[in-house]
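# Tertiary structure, described
Chain residues, written in single-letter form:
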Amino acid sequence: MARKVKRKTLVRKLDRIFSEYIRERDTDNRGYGKCCTSSKTIHKSKGHAGHFISRRFMCTRWDEENVHLQSAYDNTFLAGRQYEYALFLNQKYHADKATELLIKSRETCKFSTDELQEMIEHYKSLLEKL
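Calculation notes
Residues numbered from 1 in each chain as written. Predicted model: local features only at pLDDT ≥ 70, side-chain atom pairs only at ≥ 80, totals over all residues. Heavy atoms only, no water. Phe/Tyr/Trp six-rings, centres within 6.5 Å; stacked < 30°, edge-to-face > 60°. Helix = DSSP H or I, 4+ residues; strand = E, 2+ residues; numbered from the N terminus. Buried < 20%, exposed > 50% of the residue type's maximum accessible area, 1.4 Å probe, protein only. Polar contact = N/O pair within 3.5 Å; in protein donor to acceptor, adjacent residues only side chain to side chain. Axes fitted to C-alpha atoms, helices over the stretch in contact; angles between N-to-C directions. Parallel < 35°, antiparallel > 145°, perpendicular 65-115°, else oblique. Contact = heavy atoms within 4.5 Å. Nonpolar A, V, L, I, M, F, W, Y, C, P; charged D, E, K, R; others polar. Pairing = 2+ DSSP bridges.

### Observations concerning the packing of aromatic side chains
Scanning all chains against the criterion turns up 6 aromatic pairs. Taking the centre distance of 5.3 Å and the plane angle of 50° together, the rings of Tyr21 and Tyr123 count as tilted. Of this pair, Tyr21 sits in helix H1 (residues 7-25) while Tyr123 is found in helix H6 (residues 113-129), placing the two residues 102 residues apart along the sequence. The exposure classification of Tyr21 matches that of Tyr123, with both residues buried. Seen from their ring centres, Trp62 and Phe111 are 5.6 Å apart, and the 65° between their planes marks the pair as edge-to-face.

### Some points on the side chain of Asp15
Locating Asp15 in the fold gives a position in helix H1. The class for Asp15 is buried, based on a relative accessible area of 13%. Side-chain polar atoms of Asp15 contact the side chain of Arg61, separated by 2.6 Å.

### Some details on the packing of helix H4 (residues 82-92) against helix H5 (residues 97-105)
Contact geometry of H4 with H5 gives a least axis separation of 7 Å together with a crossing angle of 110°. On the basis of the axis angle, H4 is roughly perpendicular to H5. Where H4 abuts H5, its residues Ala86, Leu89 and Asn90 lie against Lys97, Ala98 and Leu101. A breakdown of the residues in the contact of H4 with H5 according to their chemical character gives 4 nonpolar, 1 polar and 1 charged.

### Here's the deal with the pairing of strand E4 (residues 67-71)
Summarising burial for E4: 5 of the 5 residues are buried, a large majority. Of the pairings in the sheet, the one linking strand E3 (residues 47-51) to E4 comprises 5 bridges and is antiparallel in character. Across the sheet, His48 pairs through a bridge with Gln70, a residue of E4.

Have a look at this one:
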């Protein structure tokens, strides 16, 4: 009988696949894209999948509109440059996108292991299409 996969393991696996998907999505066929906060051109291997709302908020952790290619420097050493990130979101989507994500992050979300597994398969298939 197969051992049941732990939730923590699925979350880590989904984080890894989602991060890879975001970095692929936000770069060209050579692997270069613009940082969402500084507009510097960076290679996907040097960039992060930077979250506007922290990953600790599960409702927005895997929200594609909350996560974009971001330079490792901006994400790590400049705390994600939240003000610039909010301006980027409001310009890319609509004027209240940053506020909308903040409200969504305050909701309570608990993903089941089946839902996590479905999201893993979803992002795997999206990666194959890119």
